[in-house]
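Residue-level structure breakdown
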Amino acid sequence: MKNMMKAAALAALIAAPVFAGIREGGLELNVQGSLSETSTDGDDTSIALGALGVKYFVQDNVSVGLFDLLLYGDSGGTDFTMNSVQLRGDYYFGDGASDVVPYAGVDVGVQLFDDGDSSDTGFGYGAHGGLKYFLNESTSVNTEVGWLHSEIDDFDTDTMQL
């Protein structure tokens, strides 16, 4: 009987939905990275991106956060770096009872660009959306698609990212 109770309790824990960490007062640490290689008309561009961020849930389903994205690149033999500090707001859909939670949000921030010969400061804004899959109560894996518009000096660019 004792073993049966233990088995029932274990089954209930396994079958219970994971409480998604999207509740007021929650804190989230984000780490991400990517590598890309593109070629346009014989001009090769390599980019390595790393980001670190923190989010705070100001109420259920709503977070605000600060992100620092650091990009290293090489385009046609010219090395460059861009550091983007962004304020980010996200809305999470659903009640948090599911392991998979869709979200959408906006970004706004300051961007610092340096190509070795000159440095410029600019402004960026964008939008994003994605899915957060909770592995357990405190760990998730995200997939996201986003758009970012950057204005640095006389150079404007729009970037789509996945």
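Structure: above.
Summary of the structure given here. (Residues numbered from 1 in each chain as written. Predicted model: local features only at pLDDT ≥ 70, side-chain atom pairs only at ≥ 80, totals over all residues. Heavy atoms only, no water.)

For the rest of this paragraph, the subject is the pattern of salt bridges. For the coordinates displayed, the defined rule picks out 7 salt bridges. Measuring nitrogen to oxygen at the nearest pair gives 3.6 Å for the salt bridge that ties E28 to K55. Here E28, found in strand β1 (residues 27-40), pairs with K55, found in strand β2 (residues 43-59); they are 27 residues apart in sequence, far enough to count as distant. Of the two residues, E28 and K55, both sit in the buried class. Note that E28 and K132 form a salt bridge whose closest N and O atoms lie 2.8 Å from each other. (Salt bridge = Lys/Arg side-chain N within 4 Å of Asp/Glu carboxyl O. Helix = DSSP H or I, 4+ residues; strand = E, 2+ residues; numbered from the N terminus. Buried < 20%, exposed > 50% of the residue type's maximum accessible area, 1.4 Å probe, protein only.)

What follows concerns the environment of Y91. Considering the arrangement of structural elements, one finds Y91 in strand β4 (residues 78-92). The exposure class assigned to Y91 is partly exposed, which follows from its relative accessible area of 39%. Once the C-alpha coordinates of Y91 and G129 are considered, the two residues, 38 residues apart in sequence, prove to be 9.3 Å apart. Non-local contacts of Y91, meaning those with residues more than four positions away in its chain, are made with N61, V62, P102, Y103 and A104. (Contact = heavy atoms within 4.5 Å.)

Remember, this is a structural readout, not a statement about activity or role.
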